[in-house]
Amino acid sequence: MKKGLIGRKIGMTQVFDEKGNVIPVTVVELGPCAVVQKKTVENDGYNAVQLGFEDKKVTKTNKPMAGHFKKADVAPKKFLREFRLEDDSALNVGDIIKADIFAPGEKVDVVGTSKGKGTAGAIKRWNFSRLKESHGTGPVARHAGSLGACSDPSRVYKGKKLAGHLGAERVTIQNLDVVKVDAENNLIAIKGAIPGPKKGIVTVVNSVKKA
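Heads up: these notes are all about the structure in this document. (Residues numbered from 1 in each chain as written. Predicted model: local features only at pLDDT ≥ 70, side-chain atom pairs only at ≥ 80, totals over all residues. Heavy atoms only, no water.)

1. Some remarks on the sheet that holds strand S5 (residues 77–83)
One key point about sheets: their strands pair by backbone hydrogen bonds, in either a parallel or an antiparallel sense.
Here is step 1: The four strands are arranged S5-S4-S3-S6 in an open sheet whose pairing can be described as antiparallel. The strands lining the two open edges of the sheet, one partner per strand, are S5 and strand S6 (96–97).
Here is step 2: The pairing of strand S4 (residues 48–55) with S5 spans six bridges and is antiparallel. The residue of S5 that forms the bridge with Gly-52 is Leu-80.
Here is step 3: Sheet contacts for helix H2 (residues 63–72): strand S3 (33–39), S4 and S5; angle to S3, the most-contacted strand, approximately 95°. (Pairing = 2+ DSSP bridges. Helix = DSSP H or I, 4+ residues; strand = E, 2+ residues; numbered from the N terminus. Contact = heavy atoms within 4.5 Å. Axes fitted to C-alpha atoms, helices over the stretch in contact; angles between N-to-C directions.)

2. Regarding the pairing of strand S10 (residues 170–182)
Here is step 1: In the sheet, strand S7 (residues 107–113) pairs with S10 via six bridges, with the strands oriented antiparallel. Bridge assignment links Val-110 to a residue of S10, and that residue is Ile-173.
Here is step 2: In this sheet, strand S11 (residues 187–191) lies alongside S10 in antiparallel orientation, the contact comprising four bridges. Its bridge partner being in S11, Lys-180 is matched across the sheet by Ala-189.

3. Focus: the side chain of Asn-186
Here is step 1: Tracing the sequence through the fold places Asn-186 in the loop between S10 and S11.
Here is step 2: Exposure remark for Asn-186: the relative accessible area of 10% places this residue in the buried category.
Here is step 3: When neighbours within four sequence positions are excluded, Asn-186 is seen to be in contact with Val-28, Glu-29, Leu-30, Gly-31, Pro-32, Lys-98 and Ala-99. (Buried < 20%, exposed > 50% of the residue type's maximum accessible area, 1.4 Å probe, protein only.)

4. A closer look at the pairing of strand S12 (residues 201–206)
Here is step 1: Counted residue by residue, S12 has six buried out of six residues, so it is predominantly covered.
Here is step 2: What you see with S12 is no split at all: Ile-201, Thr-203 and Val-205 on one side and Val-202, Val-204 and Asn-206 on the other are buried throughout.
Here is step 3: Here strand S1 (residues 4–16) runs beside S12; their pairing, made up of five bridges, is antiparallel. If you follow Arg-8 over to S12, its bridge partner there is Ile-201.
Here is step 4: In this structure, S7 lies alongside S12, joined through four bridges in antiparallel fashion. Its bridge partner lying in S12, Asp-109 is registered against Val-205.

Below, the structure is given as structure tokens:
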């Protein structure tokens, strides 16, 4: 990883390219992020940079974290993420990183949390087919059907597709195009949809996957 930042998903819109084609984009408020900590092989066993995004009140920060931010001489942050960069020698604790580290035309990976949809049945969660609503089916047209487990093995196999919690999980979308960068307002426009609800926190890193 060469670079990365924490941001907040603003919403979707559209822009036009030089040929007049419409490009659907997601706008992300990316940074500014402060370098809160630098981890090293000597002290922590690996090299990484910890970035913080979005200020929060000191009164809402517990004492251990308040001490952590005070040591770095950085205002308390709501969100912290670690980035293992190829070369972090140019970064120092307290530095501010903004959206202008990215440029139009670059490929990025976006990590976010998908929308939570609560408990869902097998049809919505796994795209099962409905049962036939003909004679004998009864009021169970959206049930999952038989599990296929009788006296042997007398249990449900682990990983069986059943009803359960849907969404609210970590999602990564790779190889997206940066269409536009507004460095003054710390906004970038990324082609297509990215995970998470509106105003959800996302992490944007340069893509390591080849186009």
